[in-house]
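Residues per chain, in single letters:
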Amino acid sequence: QVQLVESGGGLVQPGGSLRLSCVASGSIFIMYGMGWYRQGPGKQRELVARITSGGSPMYADSVKGRFTISRYNAKKMVTLQMNSLKPEDTAVYYCNADILGDRVRADYWGQGTQVTVSS
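Heads up: these notes are all about the structure in this document. As the structure is a prediction and not an experimental result, all values here were calculated from the model.

This brings us to the layout of surface pockets. Put simply, the largest pocket is a space of about 150 Å³. Arg38, Lys43, Glu46, Glu88 and Asp89 are, among the 15 residues lining the largest pocket, the residues nearest its centre. Looking at side-chain class alone, the lining of the largest pocket contains three nonpolar, five polar and seven charged residues.

Below, the structure is given as C-alpha cells:
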C-alpha cells in the first residue's frame, strides 16, 4: 500500500515563505512524475507544479518565479518551496505522485495540508 504524507503547511503573512514536503512510503518500485496541486475555498483543484522523473519542473503561471519544486528520489520525497506568498495562494495543497507499486502503476494523493496567507 503506497501512501503520501504531506507536511509544512500553516499560517503565514503576505510576502512570507513556507516549504511543503511530501514523503512516499510503501511498496514502491518506480516513482514517475510528482507534483503539487491546490484547492482554494470555492474553487476547483488546480495544478501548482510538477516535476518529471528526470527532474524537469513545470509551473502554473500564477506561481512562476515564486515557487520551486524539487524531488529527492533516495528519500522518496518531493518539496515545494513557496516564497513571496500572496493571499490568493491560500488553499489546501495536495501532493500527487505517479508510482509503480507492487503490482500496479497508479496515481496517488496525499491527505492535503492547509496553507493560509493572511495578515
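Having seen it, we continue.
The subject of this paragraph is the sheet that holds strand S8 (residues 77–82). Spatially, S1-S3-S8-S7 is the arrangement adopted by the four strands of the open sheet, whose pairing is antiparallel. Since the sheet does not close on itself, it has two edges, and those belong to strand S1 (3–7) and strand S7 (67–72), each with one partner. This sheet shows a mean twist of 15 degrees between the axes of neighbouring strands, independent of strand direction.

Here the focus is the pairing of S7. Side chains of S7 alternate between two faces, with Phe67, Ile69 and Arg71 buried and Thr68, Ser70 and Tyr72 left unburied. Bridge count between S7 and S8: six bridges; the pairing is antiparallel. Counted as the bridge partner of Phe67 is Met82 from S8. Connecting S7 to the antiparallel partner S8 that follows it, the hairpin turn spans four residues, and Lys76 within it adopts a positive phi of roughly 55 degrees.

As a further point, take unusual backbone geometry. Positive phi values are uncommon outside glycine, yet Lys76 reaches one of about 55 degrees. Examined against the element boundaries, Lys76 turns out to sit in the loop between S7 and S8.

Core analysis: the biggest nonpolar cluster contains 31 residues, and Trp36, Leu80, Met82, Tyr93 and Ile99 have the highest contact counts within it. Looking at this core, the elements with two or more residues in it are strand S3 (18–25), strand S4 (30–39), strand S5 (46–51), S7, S8, strand S9 (91–100) and strand S11 (113–117). In terms of residue count, the dominant contributor to this core is S9 (five residues). Those residues within four positions of Met82 in sequence are excluded, and the remaining contacts are Gly16, Ser17, Leu18, Leu20, Arg66, Phe67, Tyr93 and Val115.

This part takes up the pattern of salt bridges. Any two side chains of opposite charge can pair, so long as their charged atoms come close to each other. Scanning the entire structure with this criterion turns up five salt bridges. Between Arg38 and Asp89 there is a salt bridge whose closest N-O contact spans 2.9 Å. Separated by 51 residues along the polypeptide, Arg38 in strand S4 and Asp89 in the loop between S8 and S9 bring together distant segments of the chain. Of the residues examined, Arg38 reaches a relative accessible area of 5% and is grouped as buried. Among the salt bridges present, the one from Asp89 reaches Arg66, with a minimum N-O distance of 2.7 Å. Residue Asp89 is located in the loop between S8 and S9, and its partner Arg66 is located in the loop between strand S6 (57–59) and S7; the two are separated by 23 residues in the primary sequence. Take Asp89 and Arg66: they sit in the same class, and that class is buried.

This part takes up the state of the cysteines. With the rule as written, the count across this model stands at one disulfide. Through a disulfide, Cys22 is tied to Cys95; the S-S separation comes to 2.1 Å. Between Cys22 and Cys95 the sulfur-sulfur dihedral comes to about -80 degrees; the bridge is accordingly left-handed. Of the two residues, Cys22 is situated in strand S3 and Cys95 in strand S9; the sequence distance between them amounts to 73 residues.

Rules behind the numbers
Residues numbered from 1 in each chain as written. Predicted model: local features only at pLDDT ≥ 70, side-chain atom pairs only at ≥ 80, totals over all residues. Heavy atoms only, no water. 1 Å grid on protein atoms, 1.4 Å probe; cavity = no way out; pocket = protein on both sides within 12 Å on 5 of 7 lines; lining within 4 Å. Points joined across faces, edges and corners; volume = space filled by probe spheres on them. Nonpolar A, V, L, I, M, F, W, Y, C, P; charged D, E, K, R; others polar. Pairing = 2+ DSSP bridges. Helix = DSSP H or I, 4+ residues; strand = E, 2+ residues; numbered from the N terminus. Axes fitted to C-alpha atoms, helices over the stretch in contact; angles between N-to-C directions. Buried < 20%, exposed > 50% of the residue type's maximum accessible area, 1.4 Å probe, protein only. Core = buried A, V, L, I, M, F, W, Y, C linked by side-chain atoms within 4.5 Å. Contact = heavy atoms within 4.5 Å. Salt bridge = Lys/Arg side-chain N within 4 Å of Asp/Glu carboxyl O. Disulfide = S-S within 2.5 Å.

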